[in-house]
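Here's the letter readout for the chains.
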Amino acid sequence: MKSKYNNIALIYFSASWLIGILIIAGMIFKISDDIVVTLIFLSAMNLIINLFSMILLFAFIFIFPENRVQFKNSLVLMMFNFPIIFFLYVAISLT
């Protein structure tokens, strides 16, 4: 069974995971602080964009009932960004 996702939400979810992986890799390999700080700033912006995207997806569930399953799946997918962002900030605060 193939799950339906909104393509934009799927790309955004993948990009936010990639930013998180790059931050963790930067901390592990002690890469330049400027790059890591820039990625942390992007991650903070990502949190704001993620909240806005979730609100839009929730609204789209009711506005476009023909794509309701796709928007619900995308909303659940976007919710998985929050534990990763929380873990990332905890890891940053411990270093």
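Residues numbered from 1 in each chain as written. Predicted model: local features only at pLDDT ≥ 70, side-chain atom pairs only at ≥ 80, totals over all residues. Heavy atoms only, no water.

**Focus: the overall build of the chain**
Then, number 1: Scanning the chain for helices and strands turns up four helices and zero strands.
Then, number 2: Reading the helices (α) and strands (β) of the chain from amino to carboxyl end gives α-α-α-α.
Then, number 3: Structurally, the chain occupies a C-alpha span of about 50 × 25 × 20 Å along its principal axes.
Then, number 4: Relative to all contacts within the chain whose residues are 6 or more apart in sequence, the contacts with residues 24 or more apart total 71%.
Then, number 5: For the chain, the accessible area works out to roughly 6700 Å², and carbon and sulfur atoms hold 78% of it. (Helix = DSSP H or I, 4+ residues; strand = E, 2+ residues; numbered from the N terminus. Contact = heavy atoms within 4.5 Å. Areas by Shrake-Rupley, 256 points an atom, 1.4 Å probe, with all protein chains shown as cover.)

**Focus: the packing of aromatic side chains**
Then, number 1: Scanning all chains against the criterion turns up five aromatic pairs.
Then, number 2: Where F13 meets W17, the ring centres are 5.8 Å apart and the plane angle is 55°; that geometry is what we call tilted. Of this pair, F13 and W17 are both found in helix 1 (residues 7–28), four residues apart, which corresponds to roughly one turn of the helix.
Then, number 3: Its relative accessible area of 33% is what places W17 among the partly exposed residues.
Then, number 4: Centroid distance F58 to F62: 5.3 Å. Interplanar angle 80°. Geometry classified as edge-to-face. (Phe/Tyr/Trp six-rings, centres within 6.5 Å; stacked < 30°, edge-to-face > 60°. Buried < 20%, exposed > 50% of the residue type's maximum accessible area, 1.4 Å probe, protein only.)

**What about the environment of I8?**
Then, number 1: With respect to the element layout, I8 can be found in helix 1.
Then, number 2: In the structure, I8 is positioned 47 residues away from I55 in sequence and 15 Å away in space, judged by C-alpha atoms.

**Concerning the UniProt feature "transmembrane region" (unreviewed entry) in the chain**
Then, number 1: As recorded in UniProt, the sites labelled "transmembrane region" (unreviewed entry) are residues 7–29, 35–63 and 75–94.
Then, number 2: Between the first and last C-alpha atoms of residues 7–29 the distance is 33 Å; the span itself is 96% helix and 0% strand. (UniProt positions renumbered as here; feature names shortened; annotations may be inferred.)

**Digging into the environment of V37**
Then, number 1: By the element assignment, V37 lies in helix 2 (residues 33–63).
Then, number 2: Each C-alpha atom, one on V37 and one on F82, is 19 Å from the other, the two residues being 45 residues apart in sequence.

**Notes on the nonpolar core**
Then, number 1: Among the nonpolar cores identified, the biggest contains eight residues, and these are A9, Y12, M54, L57, I61, F71, L75 and M78.
Then, number 2: Mapped onto this core, the elements with two or more residues apiece are helix 1, helix 2 and helix 3 (68–79).
Then, number 3: Those residues in contact with F71 that sit more than four places away from it in its chain are N6, L57, F60, I61 and F64.
Then, number 4: If you look at the next biggest cluster of nonpolar residues, it comprises seven residues, including I23, V36, L88 and A91. (Core = buried A, V, L, I, M, F, W, Y, C linked by side-chain atoms within 4.5 Å.)

**What about helix 2?**
Then, number 1: The end-to-end C-alpha separation of helix 2 is 44 Å, in line with the 45 Å expected for 31 residues at 1.5 Å each.
Then, number 2: Among the residues making up helix 2, those that are buried are V36, L39, S43, N46, N50, S53, M54, L57 and I61. (Expected span 1.5 Å × (residues − 1).)

**Brief notes about the packing of helix 1 against helix 3**
Then, number 1: Relative orientation of the contacting elements helix 1 and helix 3 amounts to 10°, with a least axis distance of 9 Å. With respect to helix 3, the axis of helix 1 lies roughly parallel. Here N7, A9, L10, Y12 and F13 of helix 1 come into contact with helix 3, specifically with Q70, S74, L77 and M78.
Then, number 2: The class makeup of the residues in the contact of helix 1 with helix 3 is six nonpolar, three polar and no charged. (Axes fitted to C-alpha atoms, helices over the stretch in contact; angles between N-to-C directions. Parallel < 35°, antiparallel > 145°, perpendicular 65-115°, else oblique. Nonpolar A, V, L, I, M, F, W, Y, C, P; charged D, E, K, R; others polar.)

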